[in-house]
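Results of the structural survey
Read off the chains here:
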Amino acid sequence: MSTNIALNKTCAQSTQWGGYVAEYGVDGNMSTQQAMAASPNDWFKVDLGYNCTIDSIDLHKVVSDRPTASDYAFTANVVDVVTADNDDAATKTHIFSPYLRTRYLRVITTTETQFIDTYEYQIYGMNIEDTVTSIVS
Ligand SMILES: [Ca+2]
């Protein structure tokens, strides 16, 4: 079963704008947001805590500040896995097929004119290590 595996997980961001800390991006509250300065190659990273498979990510972006999706890249470990299209909708779903397999995921922006300012990073997938444990026990 695929659930939001980013909820309340450990996270970090390369820069911060105002009081909009990284944790607001995974707190499950759609009225709190994280925000970074407008620097190229800014990143937001989530530690999922375990090795996971990731099916998709929903980015719930703050409309006034959003970069277009083409300004993002996703990395699992250090390997670029997706370059996105030009959809700059407030909510953008990125589907990974085949799925990613990683513990750490970074979202990077390549623009200096907009900054990553996101209400929630909803990462859907499953914890592989929990799955293995449940089979054994
Ligand atoms: Ca939030």
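One can find the structure itself at the top, above this paragraph.
Residues numbered from 1 in each chain as written. Predicted model: local features only at pLDDT ≥ 70, side-chain atom pairs only at ≥ 80, totals over all residues.

**Looking at the environment of Asp55**
- Note that Asp55 resides in strand 4 (residues 43–61).
- By C-beta crowding, Asp55 is classed as partly exposed, having 17 other C-beta atoms within 10 Å.
- Sequence-wise, Asp55 and Leu100 are 45 residues apart; in three dimensions their C-alpha atoms are separated by 6.8 Å.
- Contacts of Asp55, omitting those with residues within four sequence positions, involve Ser2, Phe96, Tyr99, Tyr124 and Gly125. (Helix = DSSP H or I, 4+ residues; strand = E, 2+ residues; numbered from the N terminus. Buried ≥ 20, exposed ≤ 12 C-beta atoms within 10 Å, placed from the backbone. Contact = placed C-beta atoms within 7 Å.)

**Let's talk about the nonpolar core**
- Counting 20 residues, the largest nonpolar core has Ala6, Phe44, Val46, Tyr121 and Ile123 as its most contacted members.
- For this core, the elements supplying multiple residues, two or more each, are strand 4, strand 7 (91–109) and strand 8 (117–127).
- With six residues, the top contributor of residues to this core is strand 4.
- Discounting chain neighbours no more than four positions away, the residues touching Tyr121 are Ala6, Gly25, Val26, Phe44, Val46, Ile57, Leu59 and Val107. (Core = buried A, V, L, I, M, F, W, Y, C linked by C-beta atoms within 7 Å.)

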